[in-house]
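Descriptive analysis of the structure
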Amino acid sequence: MKNGPLFLLGILAALLFSWAGIVLGSNAQLGALPAYYDANDSLSYPRRQPGIAAEGQIVYRELLCSSCHTQQVRRPDFGSDVARGWGERQSVARDYIYQAAVQLGASRNGPDLTNLAGRKPSAPDAADLMNLLYAGQGGMPAYRFLFETRRIVGQESAAALRLTGSLRPRPGCQVVPTRRAQELVAYLLSLNTTYDYPESKPAPAQNPEQK
Amino acid sequence: MTSANPQANPNDETPVEATGRCPIVLLLAFSLAWLLVSGTLAFIAGVQAHTPAFMAGCPILTYGHTRALQDTAFTYGWIANCGLALVTWILGRLGGHPLRAANWMGVGALFWNIAVAAGMVGIATGSATALTSLQIPGHIQPLMLAAYASIAVAGVLAWCGRSRPSLYAAQWYGVALLFLFPWIFSVAQVMLVWAPVHGVLQAIVEGWYAQSLWTLWMAPIALAGAYYVVPRVTGRVIPGYDLALLGFWSLIFIGGWTGGRHLIGGPVPAWIPTIAIVASVLLLPHYIIVLLNLGGAFTRNPADREGGRSLAFISFGLAAYVLGGAVDSVTGIRSVAAAIQFTWFDEAQRQLAVYGGVTMMLFGTLYYALPRLAGRAWASASLARGHLILSCIGIVLLVVGTAGAGIVQGSDLSTAGVSFAAIATDVHPWLSVGSVAHATLLLGNILLAINFAMTVGCGRLRAAAEALSS
């Protein structure tokens, strides 16, 4: 191999080949994926996030929560995602169309969060999530810096955490979530993929010939 | 201690060293500093993985941050600096002329490292992008691109002005990686940071970038060094050299297609993981050809101790590289992927590839190159031996511990009744092995840094003394 320009052309072609195939190919397929309009509800899905939840997604990214949490439920015959109650259906591309920074995640040191607010039979509420962030649990560290311990002046804040045992603050003090904690929890509570799109209904598993 | 060894004080100085010594040694010094930073962060992250309370109160060192910081320091600090230094040196030597644009290289080295340091600060203070292998904040990435271009000028000029028209295998890999990085890096920047694509396409582009960074940049860095050093130390032509060309083009053409493996079962079109699985099997011949070409590294001449040390690192790296390729294609199989996806096994594969494979081959090349760059043998043979032993033990422990954690975690995750607290308890012993491994590797790298400083620093001191006395 002696021809320098030809060599360069070759590596450029090799790169363009994989880029065109994977990136342009999938863009052609999904780049213009619209929301799904449900005539019965007169609503289109997925719903857009409220403003505070969009702020919370930035907090989720800043803290790199995606190092331990995924946001993708796999289909029922693939792992225990559905059996663990993370969602009743697999995640589909349409779930993510309004997300500014999609964070599918690649590691499950903690549970999947795709459908955190839509879990059945019981989804966590804001107080549960605040306590979890403050105290940590199992493999999850505590995020104390998202909270402030303040003296109670006048009445106790409505947002103050209800803590028990060794976590209870000194008498006369309260633990209050910061703005970032509130945004993060609002984001987590906006994670809801319970709506069934036509493409997300699982194919019947008992008939292997059906694709 | 080894300065009396005739093998160790090579007199084969070429014009490259006369002009290129300063910027190349500067890049190497930066790379070792980043290697120590990355090793420290890896240890912290390793401890946090099994003891989450460790440094959890520190907002800049949460687990997510330590992982991202470690990855950035390792990839853009250690591999980039060391790889560019050694590849430029190799291209310069094979070009046969004094290195041109050495001052460009020096300026580029400074700015590249300023950019990486600024990126680390950005990640720690919460401006990270959350993209795999591209966590550095978006506003710093253009500076990295410009600095990279400035460093690469010297290597490209050495290649363009080469005295022999035909190209060696080390030159294919070296030139390809100099050009490929800016292309994939700028595409990723535009499509993920400046004008992000729609929805899950981001995950697809992210996977394509992370995989291309590995197959089109890190792997060629290691192979350029190995293809240069192995025939020189063994004194034999590369066996099956005709096939080397096939090995090169199959890596470059197929490598970029294997990125979708991590999206198996995910919310993306099914053809993306399918193509990735096919591509990782099609890549197997590449690994076989590399093993055939460089297998000479496993046989050593006992008389040549310095060269033998380079070959010891390179042969370990080669074995890890080939094993990593085989494991990649096996874990693509859907039933295997279902069991180990999202677990520590993925991290074990990555460490096997980037530490066991690429870093070990870079160490081997560095042990060969530095005596020729500094004009004197490595200051201490025992430090070098210690580094080799600690690195080998550390990598084996790291890969076995992390892979064990992955298998345990995978089997626990697939049983819906096992809670995450129980999983954390189950993987704890395996991850403890991992953090011992990180400590071992860090210790080995401290030995390397001391040896490097003694070799380069003592050379400087002696030159100054000679200049004064004459």
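**Examining the overall build of chain A**
- Scanning chain A for helices and strands turns up 4 helices and 4 strands.
- A globule of 211 residues ought to have a C-alpha radius of gyration of about 17 Å, yet chain A, at 23 Å, is considerably larger.
- Dimensions of chain A along its principal axes, counting C-alpha atoms only, are 80 × 50 × 35 Å.
- Sorting the 211 residues of chain A into buried and exposed places 44% on the buried side.
- Restricting to contacts in chain A with at least 6 residues of sequence separation, those with at least 24 account for 69%.
- Summed over all atoms, the accessible surface of chain A reaches about 10,900 Å², with 53% contributed by carbon and sulfur.
- Between the averaged position of the 22 positive side-chain charges in chain A and that of its 17 negative side-chain charges there is a distance of 7 Å.

**Some remarks on unusual backbone geometry**
- At the junction of Tyr45(A) and Pro46(A), the peptide bond is cis and its omega measures out at 0° in the coordinates.
- Take Pro46(A): it is sitting in the loop between β2 (43-45) and α2 (51-62).
- For the peptide bond that leads from Lys120(A) to Pro121(A), omega is 5°, which places it in the cis range.
- Note on placement: Pro121(A) falls in the loop between α2 and α3 (126-135).
- Phi at Met55(B) takes a positive value of approximately 60°, unusual for a residue other than glycine.
- Mapped onto the elements, Met55(B) comes out in the loop between α1 (15-50) and α2 (63-95).
- By relative accessible area, which is 33% here, Met55(B) ends up partly exposed.
- Unusually for a residue other than glycine, Ser133(B) sits at a positive phi of about 65°.

**Regarding a nonpolar patch on the surface**
- A cluster of nonpolar side chains, namely Leu26(B), Val107(B), Leu110(B), Phe111(B), Ile114(B) and Leu143(B), defines an oily patch on the protein surface of about 490 Å² accessible area.
- Among the secondary structure elements, Val107(B) is positioned in helix α3 (residues 102-124).

**What to know about the pattern of salt bridges**
All names here are of chain A.
- With the rule as written, the count across this model stands at 17 salt bridges over all chains.
- A salt bridge links Arg 180 to Glu 62; the shortest N-O distance between them is 2.8 Å. Linking Arg 180 in helix α4 (residues 179-190) with Glu 62 in helix α2, this pair joins segments that are 118 residues apart in sequence.
- Across the pair Arg 89 and Asp 95 runs a salt bridge whose closest N-O atoms are separated by 2.9 Å.
- Classification of Arg 89 as buried rests on a relative accessible area of 5%.
- One connected set of salt bridges, linked through shared partners, spans Arg 74, Asp 81, Arg 108 and Asp 112.

**Describing the confidence of the model for chain A**
- Taken residue by residue, chain A gives an average pLDDT of 89. The fraction at 70 or more is 95%.
- Mean pLDDT values over the elements of chain A span from 90, in β2(A), up to 96, in α4(A).

**Quick look at the confidence of the model for chain B**
- Across chain B, pLDDT averages 92, with 97% of residues at or above 70.
- At the level of individual helices and strands, chain B shows its lowest average pLDDT in helix α11 (residues 334-340) of chain B, which scores 86, and its highest in α3(B), which scores 97.

**Topic: the packing of α2(B) against α3(B)**
All names here are of chain B.
- In contact at an axis separation of 9 Å, α2 and α3 are set at 170° when each is read in the N-to-C sense. Put simply, α2 runs roughly antiparallel to α3. Taken together, the residues of α3 that come into contact with α2 (itself represented by His 65, Ala 68, Leu 69, Thr 72, Ala 73, Tyr 76, Gly 77, Ala 80, Asn 81, Leu 84 and Thr 88) are Met 105, Trp 112, Asn 113, Val 116, Met 120, Ile 123 and Ala 124.
- Its residues assigned to classes, the contact of α2 with α3 shows 12 nonpolar, 6 polar and no charged.

**Considering the pairing of strand β4 (residues 173-177) of chain A**
All names here are of chain A.
- Counting buried residues along β4, 5 of its 5 residues qualify, which places the element largely inside the surrounding structure.
- Residues Cys 173, Val 175 and Pro 177 point to one face of β4 and Gln 174 and Val 176 to the other, with burial holding for every one of them.
- Examined bridge by bridge, strand β3 (residues 147-151) and β4 share 5 bridges and lie antiparallel to one another. Its bridge partner lying in β4, Thr 149 is registered against Val 175.

**Side note on the nonpolar core**
- Formed by 156 residues in total, the largest nonpolar core has its most connected members in Leu28(B), Tyr76(B), Trp112(B), Tyr209(B), Trp217(B), Tyr227(B) and Tyr321(B).
- By residue number, the principal contributor to this core is helix α6 (residues 201-234) of chain B, which donates 22 residues.
- With near-sequence residues (within four places) excluded, Tyr321(B) lies in contact with Trp214(B), Ala219(B), Leu223(B), Leu251(B), His286(B), Tyr287(B), Val290(B), Gly357(B) and Met361(B).
- Counting residues in hydrophobic clusters, the runner-up holds 22 residues, among them Tyr60(A), Leu63(A), Leu116(A) and Tyr187(A).

**A closer look at the state of the cysteines**
- Per the stated rule, a full pass over the model turns up 0 disulfides over all chains.
- The thiol sulfur of Cys392(B) is not disulfide-bonded, and the nearest other cysteine sulfur, from Cys82(B), lies at 17 Å.

**Side note on the interface of chain A and chain B**
- The partner chain B presents 70 residues to the 64 residues of chain A that form the contact.
- For the pair chain A and chain B, the summed buried area comes to about 5,800 Å², and 71% of that belongs to carbon and sulfur atoms.
- One can count 0 salt bridges joining chain A with chain B.
- On inspection of chain A and its partner chain B, the count reaches 16 residue pairs in polar contact (both at pLDDT 80 or more).
- Considered class by class, the residues forming the side of chain A that touches chain B number 35 nonpolar, 23 polar and 6 charged.

Rules used in this analysis
- Residues numbered from 1 in each chain as written.
- Chains lettered and ligands numbered in written order.
- Predicted model: local features only at pLDDT ≥ 70, side-chain atom pairs only at ≥ 80, totals over all residues.
- Heavy atoms only, no water.
- Helix = DSSP H or I, 4+ residues; strand = E, 2+ residues; numbered from the N terminus.
- Rg over C-alpha atoms; globule rule 2.2 N^0.38 Å.
- Buried < 20%, exposed > 50% of the residue type's maximum accessible area, 1.4 Å probe, protein only.
- Contact = heavy atoms within 4.5 Å.
- Areas by Shrake-Rupley, 256 points an atom, 1.4 Å probe, with all protein chains shown as cover.
- Lys, Arg positive; Asp, Glu negative; His and termini not counted.
- Charge placed at Lys NZ, Arg CZ, Asp CG, Glu CD.
- Patch = residues over 30% accessible without salt bridge, like charges linked within 9 Å, V, L, I, M, F, W, Y side chains within 5 Å.
- Salt bridge = Lys/Arg side-chain N within 4 Å of Asp/Glu carboxyl O.
- pLDDT = per-residue confidence, 0-100.
- Axes fitted to C-alpha atoms, helices over the stretch in contact; angles between N-to-C directions.
- Parallel < 35°, antiparallel > 145°, perpendicular 65-115°, else oblique.
- Nonpolar A, V, L, I, M, F, W, Y, C, P; charged D, E, K, R; others polar.
- Pairing = 2+ DSSP bridges.
- Core = buried A, V, L, I, M, F, W, Y, C linked by side-chain atoms within 4.5 Å.
- Disulfide = S-S within 2.5 Å.
- Buried area = accessible area lost by both parts, 1.4 Å probe.
- Polar contact = N/O pair within 3.5 Å; in protein donor to acceptor, adjacent residues only side chain to side chain.

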